[in-house]
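Below, each chain spelled out in residue letters.
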Amino acid sequence: VREWNRKSADMLGYAKGETLGKNFVQNFIQPEDRASVQNVLKKALTGEETANYELPLISKYGKRYKVLLNATPRRDGKGNVIGVVGVGQDIT
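Attention here is on the structure that accompanies the text. (Residues numbered from 1 in each chain as written. Predicted model: local features only at pLDDT ≥ 70, side-chain atom pairs only at ≥ 80, totals over all residues. Heavy atoms only, no water.)

## Regarding the packing of aromatic side chains
Counted under the stated rule, the structure contains 3 aromatic pairs. Each ring, one from Trp4 and one from Phe28, has its centre 5.4 Å from the other, and the planes form 35°; the classification is tilted. Of the two residues, Trp4 sits in the segment before helix 1 (6–12) while Phe28 sits in helix 3 (residues 24–28), which places them 24 residues apart along the sequence. For Trp4, a relative accessible area of 7% translates into the label buried. We classify Phe28 as buried; its relative accessible area is 5%. Taking the centre distance of 6.1 Å and the plane angle of 35° together, the rings of Phe24 and Phe28 count as tilted. Here Phe24 pairs with Phe28, and both are found in helix 3, just 4 residues apart, close to one helical turn. Clustering of aromatic rings is evident, with ring pairs tying together Trp4, Tyr14, Phe24 and Phe28. (Phe/Tyr/Trp six-rings, centres within 6.5 Å; stacked < 30°, edge-to-face > 60°. Helix = DSSP H or I, 4+ residues; strand = E, 2+ residues; numbered from the N terminus. Buried < 20%, exposed > 50% of the residue type's maximum accessible area, 1.4 Å probe, protein only.)

## A closer look at the nonpolar core
Core analysis: the largest hydrophobic core is formed by 19 residues, its most contacted members being Met11, Leu12, Val37, Tyr53, Leu55, Leu57 and Leu69. Those elements giving two or more residues to this core turn out to be helix 1, helix 3, helix 4 (34–45), strand 1 (50–58) and strand 2 (64–75). (Core = buried A, V, L, I, M, F, W, Y, C linked by side-chain atoms within 4.5 Å.)

## Thoughts on the environment of Gly86
Position of Gly86 relative to the elements: it lies in strand 3 (residues 81–90). Looking at Gly86, the relative accessible area reads 52%, which means it is exposed. Separated by 33 residues in the primary sequence, Gly86 and Tyr53 place their C-alpha atoms 10 Å from one another. Apart from residues no more than four positions distant in its own chain, Gly86 is found in contact with Leu69 and Asn70. (Contact = heavy atoms within 4.5 Å.)

## Concerning the layout of surface pockets
In this structure, the largest pocket spans a volume of roughly 1100 Å³. Together, 31 residues line the largest pocket, and Glu3, Phe24, Val84, Val85 and Gly86 are the ones closest to its centre. Where the lining of the largest pocket is concerned, the elements lending two or more residues are helix 1, helix 3, helix 4, strand 1, strand 2 and strand 3. Of all the elements, strand 3 adds the most residues to the lining of the largest pocket, at 9 residues. Of the residues that constitute the lining of the largest pocket, the class distribution is 16 nonpolar, 9 polar and 6 charged. (1 Å grid on protein atoms, 1.4 Å probe; cavity = no way out; pocket = protein on both sides within 12 Å on 5 of 7 lines; lining within 4 Å. Points joined across faces, edges and corners; volume = space filled by probe spheres on them. Nonpolar A, V, L, I, M, F, W, Y, C, P; charged D, E, K, R; others polar.)

## Structural notes on the sheet that holds strand 2
The strand order 1-2-3 describes an open sheet built from 3 strands, whose pairing is antiparallel. Taken across any chain shown, the strands that pair with only one partner, and hence form the sheet edges, are strand 1 and strand 3. For this sheet, the mean angle separating the axes of adjacent strands, direction not counted, is 40°. Sheet topology note: the strand 1/strand 2 ladder contains 7 bridges and is antiparallel. By the bridge assignment, Thr50 is partnered in strand 2 with Ala71. Here helix 4 sits on the sheet and contacts strand 1, strand 2 and strand 3; the angle it forms with strand 1, its principal contact strand, is near 140°. (Pairing = 2+ DSSP bridges. Axes fitted to C-alpha atoms, helices over the stretch in contact; angles between N-to-C directions.)

Here is the structure:
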């Protein structure tokens, strides 16, 4: 995790400081969903965008959410993929 916005913090109960530097899949995705989420992120890291993926999330307090996620490659000034930008909408 390189960025954590206020809406994510409010919804999931994790402050920005609790998330930065952590592995998103290992720390914020339930074990049964990790392979699928990891696949979406791997695609973005190879330059392939995923639109409208139903991302299952669970809050710090155990509440489950479904977020409609668009995962796109994050590129540097030379066009090299350097990460993933995820934009989501709560559809719970």
